[in-house]
Amino acid sequence: MISVIGAGAFGTALAVALSRDGDPVTLWARDPDDVALMQDKRENGKRLAGVSLPASLHVTAQIEEAAQAQTMLIAVPMQALGDLLDTPAPFMGRTLVACSKGVDLRTGLGPADVIARKVPDALAAVLTGPSFAIDIASGLPTALTLACGDEPAGTEIQHDIATPNLRLYLSTDVAGAQLGGALKNVMALAAGIAIGAGLGESARASAITRGFAEMKRFADIRGARPETLNGLSGLGDLILTCTSEKSRNYRAGLALGRGEPVPGGTVEGVATAHAVTRLAAEAGIEMPLTAMVDALLNGETTLPRAVEGLLARPLIKE
Ligand SMILES: NC(=O)C1=CN([C@@H]2O[C@H](COP(=O)(O)OP(=O)(O)OC[C@H]3O[C@@H](n4cnc5c(N)ncnc54)[C@H](OP(=O)(O)O)[C@@H]3O)[C@@H](O)[C@H]2O)C=CC1
Ligand SMILES: O=C(CO)COP(=O)(O)O
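Residues numbered from 1 in each chain as written. Chains lettered and ligands numbered in written order. Predicted model: local features only at pLDDT ≥ 70, side-chain atom pairs only at ≥ 80, totals over all residues. Heavy atoms only, no water.

Chemist: Would you mind showing me how to read helix α13 (residues 268-283) here?
Modeler: Residues spaced three or four apart along an α-helix point in a common direction, a consequence of the helix completing one turn every 3.6 residues. Between its terminal C-alpha atoms α13 stretches 22 Å, which fits the 22 Å expected from 16 residues at 1.5 Å a residue. For α13, the complete set of buried residues consists of Glu268, Gly269, Ala271, Thr272, Ala273, Ala275, Val276, Leu279 and Ala280. Contacts from the buried residues of α13 go to α4 (78-84), α8 (174-196), α9 (201-221), α12 (248-258) and α14 (288-297). (Helix = DSSP H or I, 4+ residues; strand = E, 2+ residues; numbered from the N terminus. Expected span 1.5 Å × (residues − 1). Buried < 20%, exposed > 50% of the residue type's maximum accessible area, 1.4 Å probe, protein only. Contact = heavy atoms within 4.5 Å.)

Below, the structure written as structure tokens:
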């Protein structure tokens, strides 16, 4: 049996997709009132309105019920993951599949690393790649990366989670998979800024391409394999998120570029830009786009100054 921890848009979408064919799935939400409403309406009106919850999907606010599953997909925002696992009992000895995309501000770790640190006896894996919650919930074809350091165990998880419309590719590069998903959100902010500020689609294409170079540079120093960044978890998700207004990170970038307030809610790239700017500086590598996004978000620069600074950088080899 599978359970999903966190009934946001993504957790709900995964739970719907995995239970659609009648398989029992438990979805855990922290708020009992939300759970009562979901049970009553058979819909998560707060986070994924318009999608019916299949009959075999059980919603609960009791973490012990979710812990009856051997495989638990954890889909809470990145900055909430560490706190959630501070009560490790329900998660011990389980297979924990991290679905968050980001870098933990406090530790600089990715989601699988946070799991490994907080629940050392669990088997940690990462599910990531190009996938809007609504696409998954609607049963549209989606291909994702399932990364697990233990290849035989990863193969089992891959087969447990895959559905006819949710195709999973296996990787053993956990570091690369979790970084691709985190860093592409920062680049989606940059791409949105370019369009929002009226810099044009050519500028956005440059931001995506040079952003990808930054992603690979950072991933390299964190021990990721280059081919992982070229796959679904890196390039695949970068393309999706930098080109679609369904992305919250891209929309936040659009707002920033237009000089409007950045919308609230789960915009993972904001904290990731901050964490990665610090980590890159400590490691002595250049990440100019990431640093620009972070500085703009923090009000440390203005858009004209940021663009001028990027264009005035020394001319280098590609
Ligand atoms: N939406 C998408 O298309 C995709 C999202 N993701 C990733 O999934 C993660 C979650 O995103 P998403 O589902 O969209 O976010 P949402 O904003 O839709 O929902 C966040 C959910 O997390 C819950 N939550 C927040 N803090 C805690 C906490 N401390 N303990 C328990 N639950 C908590 C919220 O509960 P409450 O309602 O009570 O506040 C809410 O149910 C992110 O890292 C995101 O990058 C990955 C792929 C696609
Ligand atoms: O990760 C996602 C798609 O793969 C969702 O992107 P946003 O968090 O920007 O909405």
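On we go from here.
Chemist: For this particular structure, what's the right way to read the layout of surface pockets?
Modeler: Here the largest pocket is characterised by a volume of approximately 1,300 Å³. Taken together, 45 residues make up the lining of the largest pocket; nearest its centre are Gly8, Ala9, Phe10, Arg248 and Thr266. Every element with two or more residues in the lining of the largest pocket is listed here: α1 (9-19), α2 (32-41), β3 (43-44), α4, α6 (133-137), α8, α11 (232-243) and α12. Counting residues per element, the lining of the largest pocket draws most heavily on α2, which supplies four residues. For the lining of the largest pocket, the class distribution of residues is 18 nonpolar, 13 polar and 14 charged. Of the domains in this structure, domain 1 (2-172) and domain 2 (181-312) are the two that each give at least three residues to the lining of the largest pocket. (1 Å grid on protein atoms, 1.4 Å probe; cavity = no way out; pocket = protein on both sides within 12 Å on 5 of 7 lines; lining within 4 Å. Points joined across faces, edges and corners; volume = space filled by probe spheres on them. Nonpolar A, V, L, I, M, F, W, Y, C, P; charged D, E, K, R; others polar. Domains from an automatic or database assignment.)

Chemist: Would you explain the sheet that holds strand β1 (residues 2-5) in this entry?
Modeler: The strand order β5-β2-β1-β6-β7-β8-β9-β10 describes an open sheet built from eight strands, whose pairing is mixed. What marks the edges here is a single partner per strand, and that holds for β5 (57-60) and β10 (166-171). Going across the sheet, the axis of each strand differs from the next one's by a mean of 25 degrees, ignoring polarity. Of the strand pairs in this sheet, strand β8 (residues 123-128) and strand β9 (residues 142-148) are connected by four bridges, and their pairing is antiparallel. Across the sheet, Ala125 pairs through a bridge with Cys148, a residue of β9. (Pairing = 2+ DSSP bridges. Axes fitted to C-alpha atoms, helices over the stretch in contact; angles between N-to-C directions.)

Chemist: What is the right way to read the nonpolar core from this model?
Modeler: Soluble globular proteins: nonpolar side chains tend toward being buried together. Ranked by size, the top nonpolar core spans 37 residues in total, and within it Leu73, Val97, Leu127, Ile136 and Ile161 carry the most contacts. When residues of this core are assigned to their parent elements, the largest contribution, seven residues, is made by α1. Ignoring anything within four residues of it in the chain, the contact list for Ile136 reads Phe10, Ala13, Leu14, Ala17, Arg20, Ser131, Thr142, Leu144 and Leu166. With 24 residues, the next largest nonpolar core counts Val103, Leu183, Ile208 and Leu279 among its residues. (Core = buried A, V, L, I, M, F, W, Y, C linked by side-chain atoms within 4.5 Å.)

Chemist: Mind showing me how you'd approach the site of ligand 2 here?
Modeler: Around ligand 2, the structure places Lys101, Gly129, Pro130, Ser131, Phe132, Lys184, Asp237, Leu240, Thr241, Ser247, Arg248 and Asn249. One nitrogen or oxygen atom from the main chain of Gly129 is found 3.3 Å from an oxygen atom belonging to ligand 2. In this structure, ligand 2 is accommodated by the largest pocket. Among the elements of the structure, α11 and α12 are those that each provide at least two residues to the shell around ligand 2. If one sorts the elements of the shell around ligand 2 by residue count, α11 sits on top with three residues. Residues belonging to the shell around ligand 2 are distributed by class as follows: three nonpolar, five polar and four charged. Among the domains, domain 1 (2-172) and domain 2 (181-312) are the pair contributing at least three residues each to the shell around ligand 2. (Near = heavy atom within 4 Å. Polar contact = N/O pair within 3.5 Å; in protein donor to acceptor, adjacent residues only side chain to side chain. Sits in = over half its atoms within 2 Å of the grid points.)

Chemist: What's the story with the site of ligand 1 in this structure? I'm lost.
Modeler: Within the structure, ligand 1 sits among 21 residues, and Arg47, Ala133, Arg248, Thr266 and Glu268 are positioned closest to it. In the environment of ligand 1, an oxygen atom lies 3.1 Å from a nitrogen or oxygen atom belonging to the backbone of Gly8. In this structure, Glu268 approaches ligand 1 through a side-chain N or O atom, which is 2.5 Å from an oxygen atom. When the free accessible area of ligand 1 is taken as 890 Å², the share hidden by the protein chains comes to 86%. Class assignment for the residues of the shell around ligand 1 results in eleven nonpolar, four polar and six charged. Lining the shell around ligand 1 are residues from two domains, each supplying at least three of them: domain 1 (2-172) and domain 2 (181-312). (Areas by Shrake-Rupley, 256 points an atom, 1.4 Å probe, with all protein chains shown as cover.)

Chemist: I tried to follow the pairing of β9 on my own but got confused; where do I start?
Modeler: The side chains of a regular strand alternate, residue by residue, between the two faces of the sheet. Within β9, six of the seven residues are buried, which leaves it mostly tucked inside the rest of the structure. Examined bridge by bridge, β9 and β10 share six bridges and lie parallel to one another. Bridging from a neighbouring strand, Ala147 pairs with Ser171 of β10. Of the crossover connections in this fold, the one passing from β9 over helix α7 (residues 151-161) to the parallel β10 is right-handed. (Right-handed = clockwise from strand over helix to strand, strands pointing away.)

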